[in-house]
Structure formats: structure tokens, C-alpha cells
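Descriptive analysis of the structure
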Amino acid sequence: MDSLAGDTGPGAVEPMPGYLDLITKASTVIMGAWRDCATCGLELSKRTLLDNAYITMTEIALFFFCAYLWTQIRWRLTESLFKPLARWWRLMPKDAAKMPESAWKLVFYTMSWSYSTYLLFFTSYSFFHDPPSVFYNWKSGMSVPTDIAIAYLIQGSFYGHSIYATIYMDAWRKDSAVMVVHHIITLALICFSFAFR
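Bear in mind the structure is a predicted one, so any value in this text is a computation, not a measurement.

**Here we look at the overall build of the chain**
The number of helices and strands found in the chain is 6 helices and 0 strands. Each helix (α) and strand (β) of the chain, taken in turn from the N terminus, gives the series α-α-α-α-α-α. In terms of overall dimensions, the chain is more spread out than a globule: its C-alpha atoms have a radius of gyration of 24 Å, far above the 16 Å expected for 197 residues. When its C-alpha atoms are laid out on the principal axes, the chain stretches across 70 × 50 × 35 Å. For the chain, the share of sequence-separated contacts (at least 6 apart) that also reach a separation of at least 24 residues comes to 71%. Total accessible area on the chain stands at roughly 14,700 Å², and carbon and sulfur atoms take up 69% of it. In the chain, 16 positive and 15 negative side-chain charges are present, and the distance between their average locations comes to 14 Å.

Next up, the structure:
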């Protein structure tokens with residue numbers, strides 16, 4: 001059998017770099033690109049954000065109000081419905097502790113899924129059948145239709161609530177810190193999507 005170790009022809013495969021080598025080379029390339037680009041990076045991001053992102057103080061206040069509202073609804077459902085159901089079903093203590101969280105997510109995601117289904121199939125939007133249509137006639141600062149803004153508010157405020165809930169309401173697990181990061185990133189994506197229309 002032939003060994004590829006001594007092959008230096010045009011089809012030769014470079015050996016896989018180690019982590020240190022990979023990080024060193026990547027950081028060298030990134031820093032070089034950063035130095036060579038006077039009109040990009042953080043300054044371009046800041047200019048783009050200020051020129052094209054639109055969120056009003058009313059929308060921000062409504063976001064925080066709805067995130068608080070989700071927390072209150074969840075707490076009330078947990079105390080008045082989910083915990084009594086867990087006792088009535090005689091769940092094991094470990095399962096009874098997890099049941100309210102799972103039941104809450106079932107309630108929320110069923111409602112959210114139903115509203116999204118309504119938007120996709122029972123309105124005049126063509127997003128489902130023609131996904132690029134979300135970008136047709138896009139203009140900076142354009143208004144967002146009310147029913148789409150409601151979908152953003154539902155999802156955004158839920159992820160705002162989820163950051164709080166993962167830290168203070170849910171049973172802490174090995175992946176809870178990762179879930180908090182996931183919720184923060186998801187919330188940022190939702191906010192930027194709404195702000196840039």
C-alpha cells in the first residue's frame with residue numbers, strides 16, 4: 001500500500017492543524033483584515049444600526065410589560081393548575097418538580113404555534129409559499145403590519161421572560177447556563193430582525 005505521508009503532489013492533503021495553530025493563524029488573518037479595513041468593523045456596524053434600525057420607546061416598554069406578563073401568567077398557572085395536577089396525578093417528586101415547566105412550555109408553544117399557523121396559512125402573506133417575498137419592497141424604517149408585530153412581540157417577550165425563568169423559576173440543570181446564552185442570542189436575533197424590518 002502507498003502512504004500519503006510522503007506524497008507532495010497536487011492532490012496531497014495538508015495535515016490537520018492543532019488547536020493552538022488554528023487559533024494563531026485565524027487570529028492573524030482576522031487582525032490583518034481588521035487593520036486593512038478602515039470603513040468596516042464596529043464603526044460600520046454602529047452607522048448601519050443608527051441609519052436603518054427603528055425601535056420606539058413604546059415598543060421597548062411593551063416588550064418589558066409582556067415579558068413581565070408571561071412571568072405572571074406562568075406563576076399563576078403553576079400555582080393554581082400545574083402543581084395541583086402534579087399532586088393529583090401522584091407524580092414522583094422529581095417529575096412533579098419538572099412538570100410545571102413542561103406544562104407551561106406546552107401551553108405557550110401551542111398558542112404560539114397556532115398564531116404562526118394562522119399567519120402562514122390564513123392571511124394574505126406569501127411567506128410560506130414564497131420565502132424571499134419577505135424582502136420584496138423592503139424600505140428602511142418601513143412600518144410592520146400589526147399582526148406581524150404581534151408575532152414579534154409574542155416571541156421576543158417570551159424569550160425575555162425565558163432568560164428570567166431559566167435563572168429564577170426553572171430547575172437548574174447542567175445546560176441551564178447554555179440555555180440562558182441561547183435565549184439571549186435568540187432575543188437579539190428577534191430584536192434585530194424587527195428593528196431592521
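Back to the text.
**Remarks on the UniProt feature "transmembrane region" (unreviewed entry) in the chain**
As annotated in UniProt, the feature "transmembrane region" (unreviewed entry) corresponds to residues 53-71, 106-128, 148-169 and 176-196 in the numbering used here. Structurally, residues 53-71 is divided into 79% helix and 0% strand, and its ends, taken at the C-alpha atoms, are 28 Å apart. Between the end C-alpha atoms of residues 176-196 the distance is 30 Å, and the span holds 95% helix and 0% strand.

**Quick notes on the side chain of S157**
Here S157 shows up in helix 5 (residues 146-168). Within polar-contact distance, the side chain of S157 engages the backbone oxygen of L153 at 2.6 Å. The residues contacting S157, other than those within four sequence positions of it, are F63, C66, A67, W70 and Y152.

**A few points about the UniProt feature "domain: TLC" (unreviewed entry) in the chain**
Here the UniProt feature "domain: TLC" (unreviewed entry) sits at residues 98-195. Helix makes up 68% of residues 98-195 and strand 0%. Its end C-alpha atoms lie 36 Å apart.

**Some details on the pattern of salt bridges**
Overall, the coordinates contain 5 salt bridges when judged by the stated rule. For the salt bridge of K83 with E79, the shortest nitrogen-to-oxygen distance reads 3.1 Å. Of this pair, K83 and E79 are both found in helix 3 (residues 57-88), 4 residues apart, which corresponds to roughly one turn of the helix. A residue is classified by how much of its surface remains accessible, and K83, at 34% relative accessible area, is partly exposed. By relative accessible area, which is 36% here, E79 ends up partly exposed. Among the salt bridges present, the one from R173 reaches E101, with a minimum N-O distance of 2.9 Å. Here R173 is found in the loop between helix 5 and helix 6 (176-195), whereas its partner E101 is found in helix 4 (residues 93-121), with 72 residues between them in sequence. Among the ionic contacts, a cluster of salt bridges with common partners joins E101, K105 and R173.

**Concerning the domain arrangement of the chain**
Partitioning the chain into domains gives domain 1 (19-48) and domain 2 (53-196). Look at where the C-alpha atoms of domain 1 and domain 2 centre, and you get two points 34 Å apart.

**What about helix 6?**
For an α-helix, 3.6 residues make a turn, and residues three or four places apart therefore share a direction. Along its 20 residues, helix 6 runs 28 Å from first to last C-alpha, staying within 8% of the 28 Å computed at 1.5 Å per residue. Among the residues of helix 6, S176, V180, H183, T186, L187, I190, F194 and A195 are the ones counted as buried. Buried positions in helix 6, seen along its axis, are confined to an arc of 165 degrees and lie on one side of it. Away from its buried face, by an angle of more than 90 degrees, helix 6 presents the exposed residues V178 and L189. R197 sits one or two residues past helix 6 and shows a positive phi near 60 degrees.

**Looking at helix 4**
The end-to-end C-alpha distance of helix 4 is 42 Å, a good match for the 42 Å that 29 residues give at a rise of 1.5 Å each. Largest kink in helix 4: about 35 degrees, centred on M99, with the proline P100 one to four residues after it. Looking at the buried positions of helix 4, the neighbouring elements they touch are helix 3 and helix 5.

Definitions and limits used
Numbering of residues starts from 1 in each chain and follows the order in which that chain's sequence is written. Owing to the predicted nature of the model, reporting of local features is limited to residues with pLDDT of at least 70; listing and counting of side-chain atom pairs is limited to 80 or more, with chain, interface and lining totals taken over all residues. Only hydrogens and water are set aside; all other atoms, that is, all heavy atoms of the structure, feed into the side-chain values. A helix here means a DSSP run of H or I that spans at least four residues, while a strand means a run of E at least two residues long, and both kinds are numbered starting from the N terminus. For the radius of gyration, the atoms used are the C-alpha atoms, and the globule rule reads 2.2 Å times the number of residues raised to 0.38. Pairs of residues are marked as contacts when any of their non-hydrogen atoms sit within 4.5 Å. For the area figures, the Shrake-Rupley method with a 1.4 Å probe applies, and any residue is considered shielded solely by the protein chains shown. Note that His is not counted, nor are the chain ends; the positive residues are Lys and Arg, and the negative ones are Asp and Glu. Each charge is placed at NZ for Lys, CZ for Arg, CG for Asp and CD for Glu. UniProt positions are given in the numbering used here, feature names are shortened, and annotations may be inferred rather than shown by experiment. Here a polar contact is taken to be a pair of N or O atoms separated by no more than 3.5 Å, where protein atoms must pair a possible hydrogen donor with a possible acceptor and residues adjacent in sequence count only if both atoms sit in side chains. The salt bridge criterion pairs a side-chain nitrogen of Lys or Arg with a carboxyl oxygen of Asp or Glu, the two atoms within 4 Å. Accessible area is worked out with a 1.4 Å probe on protein chains only. A residue is then buried under 20% of its type maximum, exposed over 50%, and partly exposed in between. What fixes the domain bounds is an automatic or database domain assignment. Given a helix with a known number of residues, its expected span is that number minus one, times 1.5 Å. When we speak of the arc, we mean the arc of directions from the helix axis to the C-beta atoms. At any given residue, the bend is defined as the angle formed between two axes, one fitted to the seven residues that end at that position and one fitted to the seven that begin there.

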